[in-house]
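Single-letter residue listing:
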Amino acid sequence: MKTSIKLGSSKNISNVFLAPMSGVTDYPFRVIASKFGNPNLICEMIASKELIKQDKSTILRAKKHTNNKDIPFIIQLLGRDPNEILEAAKISVDNGADIIDINMGCPAKKVTSGAAGASLMREPGLAVEIIELLVKKINVPITVKMRLGWDKNNINVIQLAKELESSGISMLTVHGRTRDQFYNGNADWNYIAKIKDSLNVPLIANGDITSIDKAIECLSITKADGIMIGRAALGLPWLPGQVQSYFDTNIEASYLSLNSIYKVIIDHYEMLLSYYGNERGNKISRKHISWYMSKLNTIHDPKEFISELFKQTNPVKVRSMIKSYLTYNKRIALNES
Ligand SMILES: Cc1cc2nc3c(=O)[nH]c(=O)nc-3n(C[C@H](O)[C@H](O)[C@H](O)COP(=O)(O)O)c2cc1C
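Residues numbered from 1 in each chain as written. Predicted model: local features only at pLDDT ≥ 70, side-chain atom pairs only at ≥ 80, totals over all residues. Heavy atoms only, no water.

Q: Can you walk me through empty space enclosed by the protein in this structure?
A: Where empty space is left in the structure can be found by rolling a water-sized probe over the atoms. In total, this model carries one cavity of 30 Å³ or more according to the counting rule given. Roughly 30 Å³ of volume is contained in the largest cavity. Taken together, Ser34, Gly37, Asn38, Pro39, Leu41, His65, Thr66 and Ile71 make up the full set of residues lining the largest cavity. Taken together, the residues of the lining of the largest cavity sort by class into three nonpolar, five polar and no charged. (1 Å grid on protein atoms, 1.4 Å probe; cavity = no way out; pocket = protein on both sides within 12 Å on 5 of 7 lines; lining within 4 Å. Points joined across faces, edges and corners; volume = space filled by probe spheres on them. Nonpolar A, V, L, I, M, F, W, Y, C, P; charged D, E, K, R; others polar.)

Here it is in structure tokens:
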């Protein structure tokens, strides 16, 4: 099993990636995920315009989560103005970015209406101009993440990928859906295999990888050089690390005990409070705690617990609610009264 990739002349890196996810893969999430193995963790997309303005919350989003020299810090930039993206890329490198990824796949209307994200796939000339400029002026590998195309009648990933490869990208990630599909239907791994046949730079397959088995299946179908995991890591921040460690050792990591999961949830909660402040951190924590609980397969339906949790603003109470909910489930699971 292939376990690493090489971007240009830089050193080898793991071929397992946590996908950039806006509002999810923030600094606290990446720190938590980095405790499990050495997968690459990409920060949520950063709007180039906002980074240039030194917008405080944007700078917070782009904070480096690791000092481990063997793990690259990857910042994903969003934009459409080549000079703006270049400026943002320079700031990112000054802030420690080892790789700059350009977002050409975001389907969100507020992004595509500004003609960025997946819209760039409809403007191949501009996409090439952006990459050529970055490759010329920025001294770290430039990578791109895109979809198959805008819609089923406009699937242009292979042609655009080849042009971007000639422009100097060091790696391409493809989410196997069109922009029009958003997250509907299945990711088309067979199409990703066709892209692989046409490219020389490392290709990372993305879409619907939810487990070690799916990661193996995806690599076997696509023959891609690596895989990227997105939504499956919500509430399972250890999943990319488990997949990476399986690729490296062929040994499947044992399940986390309820106690270990409790510790992860509390660590994550504390980090959100200290990073964003109590009020904002508490609000942000709610979606993460809901994801943790919904993935736990607790015997007791978490709906009621989650709706109570959403009303709670006092961190002391939140901590004790999480503890008693998990203890309750553990006792039922162990058949204790
Ligand atoms: C909440 C959310 C936020 C996302 N934000 C980004 C982003 O900032 N940049 C990006 O390239 N893709 C973004 N994506 C897309 C993911 O990176 C990934 O391509 C997609 O979820 C498919 O992979 P999956 O099936 O493993 O989830 C986002 C997806 C979700 C669900």
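Next, the rest of the story.
Q: Can you walk me through the site of the ligand in this structure?
A: Taken together, 16 residues are adjacent to the ligand, and Ser22, Gln76, Asn206, Asp208 and Arg231 come closest. Between the ligand and Asn206, the relevant distance is 2.5 Å, taken from an oxygen atom to a side-chain nitrogen or oxygen of the residue. Arg231 is positioned such that a nitrogen or oxygen atom in its backbone is 2.7 Å from an oxygen atom of the ligand. Notes on the ligand: free accessible area 610 Å², of which the protein chains cover 88%. A breakdown of the residues in the shell around the ligand according to their chemical character gives six nonpolar, seven polar and three charged. (Near = heavy atom within 4 Å. Polar contact = N/O pair within 3.5 Å; in protein donor to acceptor, adjacent residues only side chain to side chain. Areas by Shrake-Rupley, 256 points an atom, 1.4 Å probe, with all protein chains shown as cover.)

Q: Could you clarify how one ought to interpret unusual backbone geometry in this entry?
A: Negative phi characterises most residues that are not glycine, and trans characterises most peptide bonds. Positive phi is not limited to glycine here, since Asp208 has a value of about 70 degrees. As for its position among the elements, Asp208 is in the loop between β10 (203–206) and α9 (212–222). Of note in this structure, Asn250 is not a glycine but carries a positive phi near 65 degrees. On the secondary structure map, Asn250 appears in the loop between α10 (239–249) and α11 (258–276). (Helix = DSSP H or I, 4+ residues; strand = E, 2+ residues; numbered from the N terminus.)

Q: Honestly, the pattern of salt bridges in this entry has me stumped. Any pointers?
A: Side chains that differ in sign of charge can pair as their charged atoms come close. Scanning the entire structure with this criterion turns up 11 salt bridges. For Asp208, the salt bridge identified is with Arg231, shortest N-O distance 3.2 Å. Of this pair, Asp208 sits in the loop between β10 and α9 while Arg231 sits in the loop between β11 (226–229) and α10, placing them 23 residues apart in sequence. With a closest N to O distance of 2.5 Å, Arg319 and Glu270 form a salt bridge. You can see Arg319 sitting in helix α14 (residues 315–333) and its partner Glu270 sitting in helix α11, a full 49 residues away along the chain. Here the residues in one salt-bridge network are Arg177, Asp208 and Arg231, joined through shared partners. (Salt bridge = Lys/Arg side-chain N within 4 Å of Asp/Glu carboxyl O.)

Q: What's the story with the sheet that holds strand β8 (residues 142–146) in this structure? I'm lost.
A: The strands making up a sheet associate through backbone hydrogen bonding, with each pair oriented either parallel or antiparallel. Taken together, the nine strands give an open sheet; going across it, the order is β4-β3-β11-β10-β9-β8-β7-β6-β5, and neighbouring strands pair in parallel fashion. At either end of the open sheet lies a strand with only one pairing partner, and these are β4 (40–41) and β5 (46–47). Bridge analysis of β10 against β11 gives three bridges, and the strand direction is parallel. Residue pairing for β11: Ile204 is matched across the bridge by Gly226. Against the sheet, helix α8 (residues 189–198) makes contact with β9 (171–175) and β10, and its axis sits at roughly 175 degrees relative to β10, the strand it touches most. (Pairing = 2+ DSSP bridges. Contact = heavy atoms within 4.5 Å. Axes fitted to C-alpha atoms, helices over the stretch in contact; angles between N-to-C directions.)

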